[in-house]
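Here is how the chains run, residue by residue.
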Amino acid sequence: MSMRHERSTRTLKEILQKPGNDACADCGAPYPEWGNCSLGVFICLDCSGIHRNIPDVGKVKSLSLSHWEDQEVKFMAENGNQLMKSTYEAAVPIYYYKPTHRDCQVLREQWIRAKYEREEFCDPGVNLIYEEGTRDGMLMKRGRDNGQFLSRRFVLSEREGTLKYFTKYDAKEPKAVIKVDTINATFQPEKIGNPNGLQITYLKDYSTRNIFIYHDNGKEIVDWLNSIRAVQLHYLKVAFPGATDVELIPKLTRNFLKEGYMEKTGPRQTEGFKKRWFTLDHRRLMYFKDPLDAFAKGEVFLGNKDHGYSAAAGLPAGTHCNGAWQHGITMVTPDRSFLFTCETEGDQQDWLKHFNDVLSATMSPQEYTMAALFKHRP
Ligand SMILES: [Zn+2]
């Protein structure tokens, strides 16, 4: 290693100590080990790969392995994450989904492109396409019965507060009318088997329905997500005029807390354990026969532990544990108790942690409304 290389590596390490440089400028991952020496930002390995694939956003270098010119090191010192965020994130709308390092590739790539390539967030007062109030386009949607993806027309309307889809482009009647305030949308590339796969969950007649969509173009599908979020925020501001942005943001689309297989028994707990796919979406625990089912087989509302809800490791004595899995969880609700089993102890502990986090959280007025709605389900 040359003396010059050693010196630049040491100086870069010092610059990393400055506030803001201790986390990736784009996804927040700790200890960034790469830099974009044209933008003057420190980024993580994953984001550096995205930067490298976008020629317009400049040159990426490893902080420890690459050769840095003196003027590049100086540029990093003069700029850095905090200053560059004040430029490139000067006007990120509050509904825009800012991905973290746990989010999928398409979300992180489009965030990076929106920031630096399209410079969408540099100037306040610019009208972004997510805010046009309506969006109309074709998306590939998974067929409920055969699992085949077919092109469908989707229409989002802020005025109506709905997302509709049509089986034919010129069809008059939509196949479904989805109220935006019941929508959750999360990217699920692995489950759907497409890097741009988006799961939309919504309520119809108090029951959860899933649709699975994608678009070959990453920008298109991420634009749909942010357009839905913009319409949701608009709807919420009308519905809750006194609420602050901080109160409303968690009510927009959000990632599921946890998903995975567990076994469960029926209500009499004598039918034997059956393997089901579980999805925990905050206070809503849903279970499906298959991860890509359109309808939940059942749903459990998780209230607060002060109102008769609890979750603990183990099964009641005498439970006929005919299932393959041994790591039990007993969930008690005011209506009934649920017995689950997990494949591993680690999985059991992880589910319990998430259940207890939810059961310990204070209920909002909207969640009391949701609890009451659950009682109306057929
Ligand atoms: Zn990153």
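For the structure itself, look to the data block above.
Below is a summary of the structure that appears in this document. This structure is a prediction, so every number in the text was calculated from the model and none was measured.

1. Topic: the overall build of the protein
So, point 1. Broken down by element type, the protein carries 10 helices and 17 strands.
So, point 2. Once local pairs closer than 6 in sequence are excluded, the contacts in the protein between residues at least 24 apart make up 53%.
So, point 3. A total accessible area of about 18,900 Å² is found for the protein, and carbon and sulfur atoms account for 51% of it.

2. Describing the coordination of the zinc ion
So, point 1. Taken together, C24 (SG), C27 (SG), C44 (SG) and C47 (SG) make up the protein donors of the zinc ion, found 2.3 Å from the metal.
So, point 2. What the four donor atoms of the zinc ion show is an angle range of 105 to 116° at the metal, which sorts the shape as tetrahedral.
So, point 3. Ordering the donors of the zinc ion by residue number gives the pattern C-x2-C-x16-C-x2-C. Remark: C44 occurs in the loop between strand 2 (41-43) and helix 2 (45-52) and C27 occurs in the loop between helix 1 (3-16) and strand 1 (34-36); sequence separation between them is 17 residues.
So, point 4. Residue classification places C44 among the buried positions, given a relative accessible area of 11%.

3. Let's talk about the packing of helix 1 against helix 3 (residues 70-78)
When two helices pack together, their arrangement is given by the angle between their axes and by how far apart the axes lie.
So, point 1. Relative to each other, helix 1 and helix 3 sit at 5°, their axes nearing to 10 Å. Regarding the angle of helix 1 to helix 3, the classification is roughly parallel. From helix 1, R4, R7, S8, T11, L12 and I15 reach across to helix 3, where they touch D70, V73, M76 and A77.

4. Remarks on unusual backbone geometry
Glycine aside, the phi torsion of most residues is negative, and most peptide linkages are trans.
So, point 1. If you check the backbone angles, E119 has positive phi at about 45° while not being a glycine.
So, point 2. Of note, E119 is situated in the loop between helix 5 (105-117) and strand 4 (134-142).
So, point 3. The exposure class assigned to E119 is partly exposed, which follows from its relative accessible area of 44%.
So, point 4. Even without glycine at this site, H282 takes up a positive phi of about 50°.
So, point 5. Relative to the helices and strands, H282 resides in the loop between strand 12 (274-281) and strand 13 (284-288).
So, point 6. The partly exposed category is assigned to H282, whose relative accessible area is 31%.

5. Observations concerning the packing of aromatic side chains
So, point 1. Under the counting rule described, the total for this entry stands at 17 aromatic pairs.
So, point 2. Aromatic side chains Y96 and W111 sit 5.7 Å apart centroid to centroid with 35° between the ring planes, which places their arrangement in the tilted category. Here the residue Y96 occupies a position in the loop between helix 4 (80-88) and helix 5, and W111 occupies one in helix 5, the gap between them amounting to 15 residues. Here the two residues Y96 and W111 agree in accessibility, since each one is buried.
So, point 3. For the pair Y96 and F121, a centre-to-centre distance of 4.9 Å together with 65° between the ring planes defines the contact as edge-to-face. Placement of the pair is Y96 in the loop between helix 4 and helix 5 and F121 in the loop between helix 5 and strand 4, with a sequence separation of 25 residues.

6. Some points on the pattern of salt bridges
So, point 1. Inspection of every chain in the model, using the stated rule, returns 23 salt bridges.
So, point 2. Salt-bridge contacts for K59 lead to E72; the nearest nitrogen and oxygen are separated by 3.6 Å. Note that K59 is positioned in the loop between helix 2 and strand 3 (60-62) and E72 in helix 3, a separation of 13 residues in sequence.
So, point 3. Notably, a salt bridge pairs D281 with R254, separated by 2.9 Å at the nearest N-O pair. Here D281 is found in strand 12, whereas its partner R254 is found in the loop between helix 8 (245-248) and strand 11 (258-264), with 27 residues between them in sequence.
So, point 4. Taking the relative accessible area as the measure of exposure, D281 reaches 5% and is therefore buried.

Rules behind the numbers
Residues numbered from 1 in each chain as written. Predicted model: local features only at pLDDT ≥ 70, side-chain atom pairs only at ≥ 80, totals over all residues. Heavy atoms only, no water. Helix = DSSP H or I, 4+ residues; strand = E, 2+ residues; numbered from the N terminus. Contact = heavy atoms within 4.5 Å. Areas by Shrake-Rupley, 256 points an atom, 1.4 Å probe, with all protein chains shown as cover. Donors = N, O, S within 2.8 Å, 3.2 Å for Na, K, Ca; no water. Tetrahedral: all angles 85-135°; square planar, octahedral: opposite > 155°, others 65-115°. Buried < 20%, exposed > 50% of the residue type's maximum accessible area, 1.4 Å probe, protein only. Axes fitted to C-alpha atoms, helices over the stretch in contact; angles between N-to-C directions. Parallel < 35°, antiparallel > 145°, perpendicular 65-115°, else oblique. Phe/Tyr/Trp six-rings, centres within 6.5 Å; stacked < 30°, edge-to-face > 60°. Salt bridge = Lys/Arg side-chain N within 4 Å of Asp/Glu carboxyl O.

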